[in-house]
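Here's the letter readout for the chains.
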Amino acid sequence: MLNIGTKIKELRKERKMTLAQVAGDRLSKGMLSLIENGKAQPSIESLQHIANQLDIGVSELLQGKDDEKIRSLLLEVEQLRSQLYKELNKTKLDEKCEEILHLIEPLVEEGLLNGSNYEEIRLLESYYSVRYLLKMDTSITPFLKIIKMYEQIHAYSKIINGYSGLCMIKFEQHLYEEALDYLLEGEKYITRHGGLIDELEKLDLYYNITVVYSALNNEQKMEHYLEMALKIAKEKKILYRLNDFYRFLFLIHCSKGDAENSRYYLKKISAFTEILEEPGETDTERLLNLIYLNQIEKDYERVICSKTKETLVPEEILTPIKNGEYAYAYWNLKQYDEAKKELESLMLTEIHHHPIDLVRIYRSFAIRALCYLQEGDIENAKRDILYAVDGCKDFSETPEKRFVLDAYGEVMGK
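Here's a quick rundown of the structure. Numbers given to residues run from 1 along each chain, matching the order in which its sequence is written. Totals for whole chains, interfaces and linings use every residue, but because this is a predicted model, local features are given only for residues with pLDDT of at least 70 and side-chain atom pairs only at 80 or more, for both listing and counting. Side-chain metrics in this entry use all non-hydrogen atoms of the structure; hydrogen atoms and water are not considered.

**Things to note about the state of the cysteines**
Here, disulfide denotes a covalent bond that connects the sulfur atoms of two cysteines.
No. 1: Note on disulfides: each one is a pair of cysteine sulfur atoms within 2.5 Å. Evaluation of the coordinates by the stated rule reveals 0 disulfides.
No. 2: The structure places no disulfide on Cys254, whose sulfur is separated from the nearest cysteine sulfur, that of Cys392, by 18 Å.
No. 3: Throughout this description, buried means an accessible area under 20% of the type-specific maximum (1.4 Å probe, protein chains only), exposed means over 50%, and partly exposed covers the range between. Judged by relative accessible area, Cys254 falls into the buried class, the value being 1%.
No. 4: According to the relative accessible area criterion, Cys392 is buried, its value standing at 1%.

Structure below.
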């Protein structure tokens, strides 16, 4: 495929123009030569100038002989990629990633994707993303290169999206400070080019910053960015992300024992769930109701009465926390055998990364430790409680962490 520099050179020679004539008074001959030889990428302004000098439109300048093929492939890849975000089954997710990989890989191997336009960059981004998801290459270097490519074409919304992606990689590694650094780099583009950035990308960025500051126990900063995000959502009448914000706020207030605000946001979540009619939203609402009953109402009997095995999302996502809520209710009802049964398959998964979720899972290890203690199994009790204490030692003070620490005192006192 012709890259943009080669296309400029061919058009210049067809018109029998010199470097100086095409460069005019906006570019140096040296810079134009670098562009023609693929050693520099022109800005949008430079492309407009070159197109004017060649007496053509910018769109014609950007067209290569395989442009239609690239666009067609991108449409197919984008359709598959949109399904990735809805796919909760790991096996099916990997299958879709493999499908995307096989579509793009031949072009990469033939050197036909060099990032000379938006379509090529987007295909490269998809290629590196599925390789990351398939654990073929977990380096962040390719994604940093993609951000640089988007900078060359001034695709600011995609730059923001790229930094959010890097944040998620670090967040999954529980490297919250590094995750925040990438988000704050992205925020600089909103400061400089806010009017050119999609509101959804801004909303995503502020939501992610809110979540990371929460993980870092910085409540002041968390509330600041939360207000910024909600302001955008309300002013622009954007429903996107609102349910995520409501869930987040519910868990924060629930953890503080704030009954009034917990009920308020639970009602909001219920309303959204009814509108969205998505299985995952329904299952999540059920889980949040269990948390509310346990933590605010302390109605443990009702938690047990609402117990259901039915779930429409993969077990590894909600089940560890859901079973933990049932076990917590059983424990408070002094039904220790039932509590322990709920936690038979308890383990920390790769799905959960935020302290809000993690501390609940560590609380489950503490509950199981107390169940072992009731049986006189001191060895297993100490194993579980030491794991729980070590896991949540850096988390902020919450009722769940307090439960773990109290359980530690009880188990280790034996």
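Text resumes after the structure shown.
**Observations concerning unusual backbone geometry**
For residues besides glycine, phi is generally negative; the peptide bonds are generally trans as well.
No. 1: We note that Asp55 has phi near 65°; this positive angle belongs to a residue other than glycine.
No. 2: Considering the arrangement of structural elements, one finds Asp55 in the loop between helix 4 (44-54) and helix 5 (58-62).
No. 3: A positive phi angle, near 65°, is found at Lys334, a position not held by glycine. Counting from the N terminus, the helices are the DSSP runs of H or I reaching at least four residues and the strands are the DSSP runs of E reaching at least two.

**Let's talk about the environment of Glu199**
No. 1: In this structure, Glu199 sits in helix 12 (residues 199-215).
No. 2: We classify Glu199 as partly exposed; its relative accessible area is 24%.
No. 3: Those residues in contact with Glu199 that lie beyond four places of it in its chain are Ile232, Lys236 and Ile238. It only takes one pair of heavy atoms within 4.5 Å for two residues to be counted as in contact.

**Topic: a nonpolar patch on the surface**
No. 1: Patch definition: residues above 30% relative accessible area lacking any salt bridge, with like charges linked at up to 9 Å and the nonpolar side chains Val, Leu, Ile, Met, Phe, Trp and Tyr linked at up to 5 Å. Accessible areas in this description were obtained via Shrake-Rupley with a 1.4 Å probe; residue shielding takes into account the shown protein chains only. Here, a salt bridge means any side-chain nitrogen of Lys or Arg that lies within 4 Å of a carboxyl oxygen of Asp or Glu. A contiguous nonpolar patch, built from Leu386, Tyr408 and Met412 and spanning about 240 Å² of accessible area, is present on the exposed surface.
No. 2: If you trace the backbone, Met412 turns up in helix 22 (residues 399-412).
No. 3: Accessibility expressed as a relative area gives 31% for Met412, which makes it partly exposed.

**Details of helix 15 (residues 259-276)**
No. 1: An ideal rise of 1.5 Å per residue puts 26 Å on 18 residues; helix 15 measures up with 26 Å between its terminal C-alpha atoms.
No. 2: Those residues of helix 15 that sit buried are Ser262, Tyr265, Leu266, Ile269, Phe272 and Thr273. Along the axis of helix 15, the buried residues cluster in a sector spanning 125°; they form a single face. Of the residues in helix 15, the exposed ones pointing more than 90 degrees away from the buried face are Glu260, Lys267, Glu274 and Ile275.
No. 3: Looking at the buried residues of helix 15, the elements they touch are helix 14 (242-255) and helix 16 (279-297).
No. 4: Measuring from the backbone nitrogen of Glu260 back to the side-chain oxygen at the start of helix 15 gives 3.4 Å, which picks out Asp258 as the cap.
No. 5: Phi for Glu277, located one or two positions after helix 15, is positive at around 55°. One less than the residue count of a helix, multiplied by 1.5 Å, gives the span that helix is expected to have. Within this analysis, the arc is defined by the directions that extend from the helix axis to the C-beta atoms. Throughout this description, a polar contact denotes any pair of N or O atoms lying within 3.5 Å of each other; where both atoms belong to protein, one of them has to be capable of donating a hydrogen while the other can accept it, and for residues adjacent in sequence the pair is counted only when both atoms sit in side chains.

**Focus: the packing of helix 12 against helix 13 (residues 219-235)**
No. 1: Here an axis means a line fitted to C-alpha atoms, over the contact stretch when the element is a helix, while the angle between two N-to-C directions is reported on a 0 to 180 degree scale. Interaxial distance between helix 12 and helix 13 falls to 8 Å at its minimum, and their mutual angle equals 160°. The orientation of helix 12 with respect to helix 13, classified from their angle, is roughly antiparallel. Regarding helix 12 and helix 13, the two cross each other, and that crossing is left-handed. Contacts between helix 12 and helix 13 involve Glu199, Lys202, Leu203, Tyr206, Tyr207, Ile209, Thr210, Tyr213 and Ser214 from the first element and Lys221, Met222, Tyr225, Leu226, Met228, Ala229, Ile232 and Ala233 from the second. Each angle is binned into one of four classes, with values under 35 degrees roughly parallel, values over 145 roughly antiparallel, values of 65 to 115 roughly perpendicular, and all other values oblique. Crossing handedness: left-handed means the near helix sits turned counterclockwise from the far one by under a right angle, and right-handed means the same turn made clockwise.

**Quick notes on the nonpolar core**
General note: in soluble globular proteins, nonpolar side chains tend to be found buried as a group.
No. 1: Side-chain atoms within 4.5 Å are what join buried Ala, Val, Leu, Ile, Met, Phe, Trp, Tyr and Cys residues into a set we call a nonpolar core. Leu123, Leu166, Ile209, Val212, Phe250 and Ile367 are the most contacted members of the largest nonpolar core, which has 116 residues in total.
No. 2: A total of 13 residues in this core trace back to one element, the largest contributor, which is helix 20 (residues 355-375).
No. 3: Those residues in contact with Leu166, other than ones at most four positions away along the chain, are Ile140, Phe143, Leu144, Ile147 and Tyr182.
No. 4: Ranked by size, the runner-up nonpolar core spans 16 residues in total, among them Met17, Leu32, Ile35 and Ile50.

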